[in-house]
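An overview of the molecular structure
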Amino acid sequence: MNQSSDGGAPVGDTRVHPVLGFARALETALGKVAGSDPVFMTAAEKEEALALLYAEEQRLAAVRMKVMAVGGDVAEVHASRDVADWLAHASHSNSASVHNDLQLAQDLERRWARLGEALASGRANLAQARVIAEALEELPADLAPETLVQAEEHLVSLADSYTPRQLRVLGRRILEVVAPVLAEAEEGRKLEEEERRARARTSLRFKRLGTGATRITLILPDKDAERLRTDLDAFTSPRQPQQECSTEPGAGQGVAGPATGVGLSDLDRIPADRLRGQAFCALLEHLDPRRLPDHGGDATHVMVTIGLDQLREHLAAAGIGPEERISATEARRLACTAKIIPAVLGGNGEILDLGRAQRLFSPAQRRAMALRDGRCRAEGCTIPATWCESHHLRPWSQGGNTDLDDGVLLCSWHHHRIHDRRYRHQRLPHGDYRFTRRT
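Residues numbered from 1 in each chain as written. Predicted model: local features only at pLDDT ≥ 70, side-chain atom pairs only at ≥ 80, totals over all residues. Heavy atoms only, no water.

What follows covers helix 6 (residues 113–121). By the burial criterion, the buried members of helix 6 are Leu-115, Gly-116, Ala-118 and Leu-119. The buried residues of helix 6 occupy one face: seen down the axis, they fall within an arc of 160°. Each element contacted by the buried residues of helix 6 is listed here: helix 2 (43–69), helix 5 (95–110), helix 7 (126–137) and helix 8 (145–158). The first or second residue beyond helix 6 is Gly-122, which carries a positive phi of 90°. (Buried < 20%, exposed > 50% of the residue type's maximum accessible area, 1.4 Å probe, protein only. Helix = DSSP H or I, 4+ residues; strand = E, 2+ residues; numbered from the N terminus. Arc of directions from axis to C-beta. Contact = heavy atoms within 4.5 Å.)

Among the surface-exposed residues, Val-19, Phe-22, Leu-60, Val-63 and Val-67 lie close enough to one another that they form a single nonpolar patch of about 360 Å² accessible area. Secondary structure elements with two or more residues in the nonpolar patch: helix 1 (18–33) and helix 2. Structurally, Val-67 can be placed in helix 2. (Patch = residues over 30% accessible without salt bridge, like charges linked within 9 Å, V, L, I, M, F, W, Y side chains within 5 Å. Areas by Shrake-Rupley, 256 points an atom, 1.4 Å probe, with all protein chains shown as cover. Salt bridge = Lys/Arg side-chain N within 4 Å of Asp/Glu carboxyl O.)

Further remarks concern the pairing of strand 2 (residues 214–219). Bridge count between strand 1 (residues 203–208) and strand 2: six bridges; the pairing is antiparallel. Residue pairing across strands places Arg-208 opposite Thr-214, the latter belonging to strand 2. Between strand 1 and strand 2, which follow one another and run antiparallel, lie five residues, and Gly-210 among them has a positive phi close to 75°. (Pairing = 2+ DSSP bridges.)

Per the counting criterion, the structure on display carries 17 salt bridges. Linking Arg-377 and Asp-432 is a salt bridge whose minimum nitrogen-to-oxygen distance equals 2.8 Å. Of this pair, Arg-377 sits in the loop between helix 16 (363–373) and strand 12 (389–392) while Asp-432 sits in the loop between strand 14 (423–427) and strand 15 (433–437); the two residues are 55 residues apart in sequence, bridging distant segments of the chain. The exposure class assigned to Arg-377 is buried, which follows from its relative accessible area of 12%. Look at Asp-432 and you get buried, because its relative accessible area is 3%. In this structure, Arg-434 and Glu-379 form a salt bridge, with 2.7 Å as the shortest nitrogen-oxygen distance. Of the two residues, Arg-434 sits in strand 15 while Glu-379 sits in the loop between helix 16 and strand 12, which places them 55 residues apart along the sequence. For Glu-379, a relative accessible area of 37% corresponds to the partly exposed category.

So, on to unusual backbone geometry. You will see that Ala-79, though not glycine, has its phi angle at about 55°, which is positive. Residue His-92 is not a glycine yet carries a positive backbone phi of 55°. Residue His-92 is classed as exposed on the basis of its relative accessible area of 73%.

Okay, the state of the cysteines next. Applying the stated rule across the entire model yields zero disulfides. Take Cys-388: it sits in no disulfide, and the sulfur closest to it among the cysteines is that of Cys-376, at 5.0 Å. (Disulfide = S-S within 2.5 Å.)

This part covers the nonpolar core. Of all hydrophobic cores here, the largest spans 39 residues; its most connected members are Leu-115 and Leu-139. Those elements giving two or more residues to this core turn out to be helix 2, helix 4 (83–91), helix 5, helix 6, helix 7, helix 8 and helix 10 (175–178). Broken down by element, the residue count for this core peaks at seven residues, all from helix 7. Grouped together as the second largest cluster of nonpolar side chains are 14 residues, Ala-378, Trp-387, Cys-388 and Val-408 included. (Core = buried A, V, L, I, M, F, W, Y, C linked by side-chain atoms within 4.5 Å.)

Before going further, it helps to examine a negative patch on the surface. A surface patch of negative charge is lined by Glu-138, Glu-192, Glu-194, Glu-195 and Asp-222. Examining the composition of the negative patch, we find that three residues originate from one element, helix 11 (residues 180–201), more than from any other. With respect to the helices, strands and loops of the structure, Glu-194 is situated in helix 11. (Lys, Arg positive; Asp, Glu negative; His and termini not counted. Charge placed at Lys NZ, Arg CZ, Asp CG, Glu CD.)

The next point concerns helix 8. Taking 1.5 Å as the rise per residue, helix 8 with 14 residues should run 20 Å; its terminal C-alpha atoms sit 20 Å apart, in good agreement. Buried within helix 8 are the following residues: Thr-147, Leu-148, Ala-151, Glu-152, Leu-155, Val-156 and Leu-158. Where helix 8 is buried, its residues touch helix 6, helix 7, helix 9 (164–172) and helix 10. (Expected span 1.5 Å × (residues − 1).)

Structure (C-alpha cells):
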C-alpha cells in the first residue's frame, strides 16, 4: 500500500474517512509551513497567499461545522451535554463561541442547505453565513416554503457583493423583495416587538468607584437614546461647522464645542466620549427644577451646604445630598447657576442664604450680556453666547452684585476654568479673559 506524498493517510486506504484523512494531511502540511518566514515573500506572493488562506479558512470552517452537526455521538462517548461542550473543553475555547458554531452548523444541516453549500464552496464566508441565517430565522413562521427558498437564494447571491454588516441591513428587508405584500405588516410587527423588548431591557445602574466618580450603565430604547444624543449635541456642537469625530468609546479623536470652549483652529481635541460625558453633566446642571415632578412634596432640586468661611477659602469642602462632598471651588461655580440651591451657613449653623433670587442673573440680563459679549469672553474662544453661562466677576460670597457690570458670559469649559484654582485669569483691555496655568 502506497503512502500519500504529503505524509497523510495511505493512498487508497478505505478504512480512513476522507474528512479524517484530510485533517491529518492538513496537520502535516501546516507543520511543514509553520516555520517559514513570510517576510521574504514578494508583495504579489503575499497578496495571493492571503486571499487563498482566508478563502480556504472559510471552507475549512464549513467542513468542521458539517462534522459538528452530526457529532452528537462524540458527546455521548464523553458524557457531555453536546458536542460543543466537549469541543470547547478539548480545545480550551470559549464555550459560547463554540455553541454559536454548533447552532449555525445544525441550522445549515437541517434548514439552510443552499447557504451551507455557499459556505463550503467559498461563495460566502462564515460571518456572512451567520448574518444570512439570522435573517432567515427572523422571517415569519407561516411563510410559504417556496418563498423561504427564494429568500435564501437571494441572500446567498448577495454574499458575492456585500459585507456582513450590509447583509444584515438587506436581510431585514428581504421580504420587500420576495413578498412585498407581507413586508409592511411584518415590519410593523418586528418594530413593535423590538420596542417591547427594548422597554423590558431598559435599565440604569450606579456604581461608586471610590475615586470621586460614579460609573453609570444605561440601556435605553433607541428613540430615547437618540433624544439624549440630540440633547447632548446642544452642548457639544456650536452653531458652526465642526470637525467630524469617531463615536466609539476611547477613540483618539474629539470635537470642539461649548463644553470644550475651543474652536476649530485649536490643535488639542477632547475625546468624543469624554466630551459627551461633560455635556451630560452640563445637561443635568441646566435642568429646570420647576419642570420636574415634585419630590418629597417639593420641587426637585439639589442643595449644596457650605459654611460662609469655607465658601471664601480655596481649599475647603461642601456637602451635596445627605452624604456626598464637593470642593468649595465647585460650590462657587455651581452658585453661578439658577439650578443649584446653595445653603450658606453661619458659624452656628444658621442659614445665611438659601439661593436668593436676586443673586441670580435674570433672563433679561442674560440677553443683554449676550448682545454685549456675543460669545464666550475667554481669549480665543469662539463659542456663541447662546451656549454660554453667566458668571459673577466678583463672587457673590465676596459681596459681588448681580448686575451687568459684574457679569460675563463664559462657555462651560471656561466657566470651570475660572473657578479652578490651578489657573489664573487676567482681564484684557478689550474685555476678554486670558487663562494661564499656575506653575
